[in-house]
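# Chains, contacts and geometry: an overview
This is what each chain is made of:
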Amino acid sequence: MPPDAPPRTPPRRLVVAGVLLAVVPLAACGSPPEPAPAPATTRPALVTPAAPTAAPPVAPPLGIAPTLPPTPSPTPGLVAVACAGRPSADRVVGLLRGRVLPRGVSVRATQGPLCAADWQYTVLAVTGHEELQVVTRTESTALRLVTAGTDVCSIEVRTVAPPGIRTLACDAGTGAVPGA
């Protein structure tokens, strides 16, 4: 090239390629743009006419108590509570006499009977022997012995007894006495 000739400019393709090489890697940096919020639209509030109300309740005539809906009770069997004499401790002891307990031994209930559903749990102090735990069940009107001993957490108690009885019979080391 002659010394006084104007400098040559690079072809247009090379310029575009150079710009792209410089810009493309930077285009992926940063967080994406946030979408534009949608324009808020307001709607007129709809007013619905009030439905006619029922007539107010009428008070019962004097001397007649109003009937109240039944109060929901907790699920039977979740907690063992005092059996209120059905069965009595004497009935539980009578069930054991001659079968588990010798006839002449002195026995008294130290805990229970406690009931959960149709199951009962009783702890008996037996003179000259260890404390005796008893699990019974009322079937129809008859009292049936489920198990008795120092460990009454039998398979039947673990699988069939309600939670209140199962807790007393199988978790004896906790010191917890639900419902007492």
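All figures in this text were calculated on a predicted structure; none of them were measured in a lab.

What follows concerns the state of the cysteines. This model, assessed by the stated rule, comprises 2 disulfides. With a sulfur-sulfur separation of 1.8 Å, cysteine 83 is cross-linked through a disulfide to cysteine 115. Between cysteine 83 and cysteine 115, the disulfide has an S-S torsion of 115 degrees and is therefore right-handed. Placement of the pair is cysteine 83 in the loop between strand E1 (81-82) and helix H2 (89-96) and cysteine 115 in strand E2 (residues 107-116), with a sequence separation of 32 residues. Summarising the burial analysis for this pair, cysteine 83 and cysteine 115 share the class buried. Across a sulfur-sulfur distance of 2.0 Å, cysteine 153 and cysteine 170 are joined as a disulfide pair. Note on the cysteine 153 and cysteine 170 pair: the S-S dihedral is about 95 degrees, so by sign convention the disulfide is right-handed. Of this pair, cysteine 153 sits in the loop between strand E5 (142-149) and helix H3 (155-160) while cysteine 170 is found in helix H4 (residues 163-170), placing the two residues 17 residues apart along the sequence. Classification of cysteine 153 as buried rests on a relative accessible area of 17%. By relative accessible area, which is 25% here, cysteine 170 ends up partly exposed. When the cysteines of the chain that form disulfides are numbered from the N-terminus onward, they connect as 1-2, 3-4.

The 5 strands are arranged E1-E2-E3-E4-E5 in an open sheet whose pairing can be described as antiparallel. On the outer flanks of this sheet lie E1 and E5, each paired with one strand and no other. Taken together, the 7 bridges between E2 and strand E3 (residues 119-126) define a ladder with antiparallel strand orientation. In the strand pairing of E3, arginine 108 is matched with alanine 125. Most of the contacts of H2 go to E5, to which it runs at about 70 degrees, and overall it touches E2, E3, strand E4 (132-139) and E5.

What counts, and at which threshold
- Residue numbers run consecutively from 1 along every chain, following the written order of its sequence.
- Owing to the predicted nature of the model, reporting of local features is limited to residues with pLDDT of at least 70; listing and counting of side-chain atom pairs is limited to 80 or more, with chain, interface and lining totals taken over all residues.
- Only hydrogens and water are removed before side-chain values are computed, so all heavy atoms of the structure are retained for them.
- Disulfides are defined as pairs of cysteine sulfur atoms found within 2.5 Å of each other.
- Counting from the N terminus, the helices are the DSSP runs of H or I reaching at least four residues and the strands are the DSSP runs of E reaching at least two.
- Type-normalised accessible area, obtained with a 1.4 Å probe on protein chains alone, sets the label of each residue: buried when under 20%, exposed when over 50%, and partly exposed for intermediate values.
- The pairing criterion for strands is at least two bridges between them, as found by DSSP.
- Should any heavy atoms of two residues lie within 4.5 Å, those residues are considered in contact.
- Between N-to-C directions, angles span 0 to 180 degrees; the directions come from axes that are lines fitted to C-alpha atoms, helices contributing only their stretch in contact.

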